[in-house]
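# Commentary on secondary and tertiary structure
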Amino acid sequence: MDSKVLFFDGIIRETVDDWSSETHRIRYVKVYYYLENDTLRVVEPETPNSMLCQGTLLRRDHYLHPSGKRDYSWKDLNVGNDLNIHGKEIHLIDCDAWTRQYMIDAGIEMRDPEPRPSDPYTEMRKNMSRRREYRGTDGDSASLVNFYRNEGKVLKFYGIWKNDPQRPPAVRRILLKYYPVDDSLAVFENYPPSSGWGPLLSVLQGPMDTASSGGSFMTLIRRQRVLLDRPKDIEKLPCYLEPRDTD
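A quick note: this is a predicted structure, and the numbers were derived from the prediction, not measured.

Another aspect to go through is the overall build of the protein chain. When helices and strands are counted, the protein chain shows five helices and 11 strands. Evaluated residue by residue, the protein chain yields a buried proportion of 32% over its 247 residues. Taking contacts inside the protein chain between residues at least 6 apart in sequence as the whole, the part at least 24 apart equals 47%. When the accessible area of the protein chain is evaluated, it comes to approximately 16600 Å², of which 50% is carbon and sulfur surface.

Take a look at the structure:
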């Protein structure tokens with residue numbers, strides 16, 4: 001029985017008394033039963049921005065059956081059954097193929113999977129997201145849509161800074177970051193240890209900002225929006241960008 005685990009999908013239905021937008025909440029959980037020592041564990045997958053204490057709801061252990069005379073065993077598990085543990089009622093709605101075959105081979109008549117019920121709050125959040133996606137594209141609405149779509153996204157390009165022809169040739173590797181959320185960009189240069197190179201002045205006369213670049217990268221151009229109708233500034237960017245695979 002070593003390493004053999006029965007796996008079930010389940011739900012916990014909770015009543016919500018202090019929220020006008022919902023009367024109940026559906027929490028999706030995964031139930032693991034370890035055959036080697038008849039222990040049970042319940043985990044709720046984490047959902048971003050749920051504001052709920054998720055993760056391991058019941059750690060791996062023996063749990064008393066409601067009869068009070070024995071612990072839960074694998075024979076108590078079946079689709080449609082309820083597990084009452086520490087005030088939590090877990091309703092089993094499905095299991096994986098290996099678990100179903102194991103239970104059938106053991107003489108248990110397995111029920112068909114039950115439909116996965118929808119959570120009212122999750123559906124409300126999805127509807128709100130759809131409304132934000134399909135809002136107008138003028139003025140502030142377009143900016144808001146762009147923010148929701150691109151917040152936290154950064155495009156990275158690795159390139160080489162072209163040195164002054166009057167000076168000895170050198171390879172100056174740079175990193176260009178483009179932020180779609182506000183169409184701004186920043187350029188950083190990596191200074192290897194004992195390279196003999198010092199930080200260059202910002203091409204666009206911006207202050208040095210080592211904190212935002214991180215590591216050994218130094219800021220050449222601070223994060224800002226660069227207008228395409230400024231040829232003098234664009235000409236001051238003598239760098240050739242080349243795509244490169246990264247780990």
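Here we come to the packing of aromatic side chains. Aromatic rings in a pair are described by how distant their centres are and how their planes are angled relative to each other. Tallied over the full model, the rule gives three aromatic pairs. Consider the rings of Phe-7 and Tyr-32, whose centres lie 5.4 Å apart with planes at 50 degrees: the pair is tilted. Here the residue Phe-7 occupies a position in strand β1 (residues 5–15), and Tyr-32 occupies one in strand β2 (residues 24–34), the gap between them amounting to 25 residues. By relative accessible area, which is 17% here, Phe-7 ends up buried. Judged by centre distance (6.2 Å) and plane angle (70 degrees), the ring pair of Trp-74 and Tyr-102 falls under edge-to-face.

Grouped together as the largest cluster of nonpolar side chains are 23 residues, with contacts concentrated most on Leu-6, Phe-8, Val-31, Leu-40, Leu-83 and Ile-90. Ignoring sequence-local partners within four residues, the contact set of Val-31 consists of Leu-6, Phe-7, Phe-8, Leu-40, Arg-41, Val-42, Leu-83, Ile-90 and Leu-92. Counting residues in hydrophobic clusters, the runner-up holds seven residues, among them Trp-161, Ile-174, Leu-176 and Ile-221.

Attention shifts here to the side chain of Gln-54. If you trace the backbone, Gln-54 turns up in the loop between β3 (39–44) and β4 (55–61). Since its relative accessible area comes to 19%, Gln-54 is described here as buried. Setting aside residues no more than four positions away along its own chain, Gln-54 makes contact with Arg-27, Glu-44, Pro-45, Glu-46 and Thr-47.

Summary statistics for the protein chain give a mean pLDDT of 76 and a share of 67% for residues scoring 70 or more. A low-confidence stretch, residues 200–215 stays under pLDDT 50, and its non-local contacts, those more than four residues away or across chains, total 32 contacts.

Here we have six strands laid out as an open sheet, ordered β4-β3-β2-β1-β6-β5, and antiparallel in their pairing. The sheet is open, and its two borders are formed by β4 and β5 (82–85), each paired with just one other strand. Neighbour-to-neighbour, the strand axes of the sheet open up by a mean angle of 30 degrees, direction not taken into account. Two elements, β2 and β3, share five bridges in a ladder whose sense is antiparallel. For Tyr-33, the partnering residue across the bridge sits in β3 and is Leu-40. Against the sheet, helix α1 (residues 97–105) makes contact with β1 and β6 (88–95), and its axis sits at roughly 110 degrees relative to β1, the strand it touches most.

In regular strands, side chains alternate between the two faces of the sheet. The element strand β9 (residues 184–190) is extensively covered by neighbouring structure, given that six of its seven residues are classed as buried. By the bridge criterion, six bridges tie strand β8 (residues 172–179) to β9 in an arrangement that is antiparallel. For Tyr-178, the partnering residue across the bridge sits in β9 and is Leu-185. Between β8 and β9, which pair antiparallel and follow one another directly, the connecting turn spans four residues, one of which, Asp-183, has a positive phi of 55 degrees.

With a phi angle near 50 degrees, His-86 is a residue other than glycine that sits in the positive phi range. Following the sequence through the fold, His-86 ends up in the loop between β5 and β6. Residue classification places His-86 among the exposed residues on the basis of a relative accessible area of 66%. Look at Asp-183: it is not a glycine, yet its phi comes out positive at around 55 degrees.

With that settled, the discussion passes to the pattern of salt bridges. Counted under the stated rule, the structure contains seven salt bridges. We note a salt bridge from Lys-30 to Asp-9, for which the minimum N-O separation is 3.4 Å. One end of the pair, Lys-30, is in strand β2; the other, Asp-9, is in strand β1, with 21 residues separating them in the sequence. Each member of the salt-bridge network shares a partner with another, and the members are Glu-14, Arg-25, Arg-27 and Glu-44.

So, how was this worked out
Residues numbered from 1 in each chain as written. Predicted model: local features only at pLDDT ≥ 70, side-chain atom pairs only at ≥ 80, totals over all residues. Heavy atoms only, no water. Helix = DSSP H or I, 4+ residues; strand = E, 2+ residues; numbered from the N terminus. Buried < 20%, exposed > 50% of the residue type's maximum accessible area, 1.4 Å probe, protein only. Contact = heavy atoms within 4.5 Å. Areas by Shrake-Rupley, 256 points an atom, 1.4 Å probe, with all protein chains shown as cover. Phe/Tyr/Trp six-rings, centres within 6.5 Å; stacked < 30°, edge-to-face > 60°. Core = buried A, V, L, I, M, F, W, Y, C linked by side-chain atoms within 4.5 Å. pLDDT = per-residue confidence, 0-100. Pairing = 2+ DSSP bridges. Axes fitted to C-alpha atoms, helices over the stretch in contact; angles between N-to-C directions. Salt bridge = Lys/Arg side-chain N within 4 Å of Asp/Glu carboxyl O.

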